Amino acid sequence: MPVDGNFDREKMEARCGGRGKPPLSASIRMRQRSGLFPVISEIKVRSDKEGDLLRGRDPVALAQEMSQRPVAGISVVTEPGHFGGHMGLLKEVAAAVGVPVLHKDFITTERQVQESADCGASAILLITAMLDLRQMTRLIEAARDCGLETLVEGHDAAEIRKIEHLPFDLRGINNRDITVFEVDDSDVSRTEELAGFCRGSRILISESSIRSAADVRRAGRSGADAVLVGTAVLKAENVGSFLDELVAVGWPV
Ligand SMILES: O=C(O)c1ccccc1NCC(=O)[C@H](O)[C@H](O)COP(=O)(O)O
């Protein structure tokens, strides 16, 4: 399997994930070509730190509202215990929006990968801290077999180095420490610290703790190709205008 995403995209698109949508990586590049900063906007029902993030809103309608702005994709957190998600939510959101959907959960088995594809995801998250190299390789292969891209996320330099040679599609730096379920305070400084360790041409996504256009600019200047924003969008008074502000940071930064 070639490294850096040089595989047969047409074949992948023709298979199960995404259903007529571009792959997440292609959607990110499309936004960049349009001069917009690529933003992945997240649906997360709750978090340990913030409590309820939906505040009575219908998550599917909210995802549709997000997808009517020029976002590169929608992320759906399906983990139930800490984030209040479920697979039905992924399925409904994926069916309701025209942009690629990233499935965020603690994915450790091929069965979960297949379920992501069955629910219409275009990409899945794999967390370096939770998986050894053999598991990671197996899950990346399983994802490709199902037509899914993989976003592999690291949180420190050792994790970034550990995954370097694996054939995943998108790289993530999570600004938060996911092992404490987001109760930590953090900012984009983790992306600034680690972006220099990321080699090659793979898309780099700065995830979590992005609160403003200024944070997006910082992430972009440090080398991120895209940002993934959850809490700040969900807490915004006007979701659409907030997303417009973030993408208006522009590309190149
Ligand atoms: O990121 C993870 O490792 C993760 C794994 C499984 C379920 C949820 C997970 N994290 C949640 C998030 O990644 C954040 O919701 C997302 O990056 C947005 O962060 P924020 O903007 O700070 O809400």
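You'll find the structure just up there.
Read on for an overview of the structure. (Residues numbered from 1 in each chain as written. Predicted model: local features only at pLDDT ≥ 70, side-chain atom pairs only at ≥ 80, totals over all residues. Heavy atoms only, no water.)

With that settled, consider the overall build of the chain. Each helix and strand counted, the chain has twelve helices and ten strands in total. Residues classed as buried in the chain amount to 57% of the 253 residues present. Carbon together with sulfur atoms contributes 48% to the accessible area of the chain, which is approximately 10,100 Å² in total. (Helix = DSSP H or I, 4+ residues; strand = E, 2+ residues; numbered from the N terminus. Buried < 20%, exposed > 50% of the residue type's maximum accessible area, 1.4 Å probe, protein only. Areas by Shrake-Rupley, 256 points an atom, 1.4 Å probe, with all protein chains shown as cover.)

A few words now on the site of the ligand. Inspection of the region around the ligand gives 21 residues, with E42, K104, E153, S208 and T231 positioned closest. T231 places a side-chain nitrogen or oxygen 2.5 Å from an oxygen atom of the ligand. Burial of the ligand by the protein chains amounts to 99% of its free accessible area of 500 Å². Here the shell around the ligand is built from residues that sort into eight nonpolar, five polar and eight charged. (Near = heavy atom within 4 Å. Polar contact = N/O pair within 3.5 Å; in protein donor to acceptor, adjacent residues only side chain to side chain. Nonpolar A, V, L, I, M, F, W, Y, C, P; charged D, E, K, R; others polar.)

Right, let's get into the packing of helix α3 (residues 59-67) against helix α5 (residues 87-96). At their nearest, the axes of α3 and α5 sit 9 Å apart, and the two run at 35 degrees to each other. Crossing hand, α3 versus α5: right-handed. On α5, the residues that touch P59, V60, A63 and Q64 of α3 are L89, E92, V93 and A96. Grouping the constituent residues of the contact of α3 with α5 by class yields six nonpolar, one polar and one charged. (Axes fitted to C-alpha atoms, helices over the stretch in contact; angles between N-to-C directions. Left-handed = near helix turned anticlockwise from the far one by under 90°. Contact = heavy atoms within 4.5 Å.)

A few words now on unusual backbone geometry. With an omega of -5 degrees, the peptide bond between W251 and P252 qualifies as cis. Secondary-structure assignment places P252 in the segment after α12 (239-247). Positive phi is not limited to glycine here, since S208 has a value of about 80 degrees. Along the chain, the position of S208 falls in the loop between β9 (203-207) and α10 (213-221). For S208, a relative accessible area of 13% corresponds to the buried category.

The subject of this paragraph is the environment of A94. Looking at the element boundaries, A94 is found in helix α5. What makes A94 buried here is its relative accessible area of 8%. Expressed as a C-alpha distance, the spacing of A94 and G120, which sit 26 residues apart in the sequence, is 5.4 Å. Leave out the neighbours within four places in its chain, and A94 touches K21, V101, C119, G120 and A121.

Once that is clear, we can look at the packing of aromatic side chains. All told, the structure shown has one aromatic pair when counted by the stated rule. Lying across the ring of F168, R202 places its NZ or CZ 3.8 Å from the centre. (Phe/Tyr/Trp six-rings, centres within 6.5 Å; stacked < 30°, edge-to-face > 60°. Lys NZ or Arg CZ within 6 Å of the ring centre and 35° of its normal.)

Here we come to the nonpolar core. In terms of nonpolar packing, the biggest core is built from 57 residues, with M66, I74, V93, V113 and L126 touching the most fellow members. If you look at the next biggest cluster of nonpolar residues, it comprises 14 residues, including A72, L102, I203 and A226. (Core = buried A, V, L, I, M, F, W, Y, C linked by side-chain atoms within 4.5 Å.)

The terminal C-alpha atoms of helix α7 (residues 133-145), which comprises 13 residues, lie 18 Å apart, in line with the 18 Å expected from a rise of 1.5 Å per residue. Among all positions of α7, only M136, L139, I140, A142, A143 and R144 are buried. On the buried face of α7, the contacting elements are α6 (110-118), β6 (123-127), β7 (149-154) and α8 (157-163). Its side-chain oxygen placed 3.1 Å from the backbone nitrogen of R134, D132 serves as the N-cap of α7. Count one or two residues on from α7 and you reach G147, which has phi positive near 80 degrees. (Expected span 1.5 Å × (residues − 1).)

Let's shift gears to the sheet that holds β9. Spatially, the eight strands close up into a barrel ordered β1-β4-β5-β6-β7-β8-β9-β10, and their pairing is parallel. Averaged over all pairs of adjacent strands, the angle between strand axes in this sheet comes to 25 degrees, irrespective of strand direction. Sheet topology note: the β6/β7 ladder contains five bridges and is parallel. Bridging across to β7, A123 finds its partner in E149. Against the sheet, α7 makes contact with β6 and β7, and its axis sits at roughly 180 degrees relative to β6, the strand it touches most. (Pairing = 2+ DSSP bridges.)

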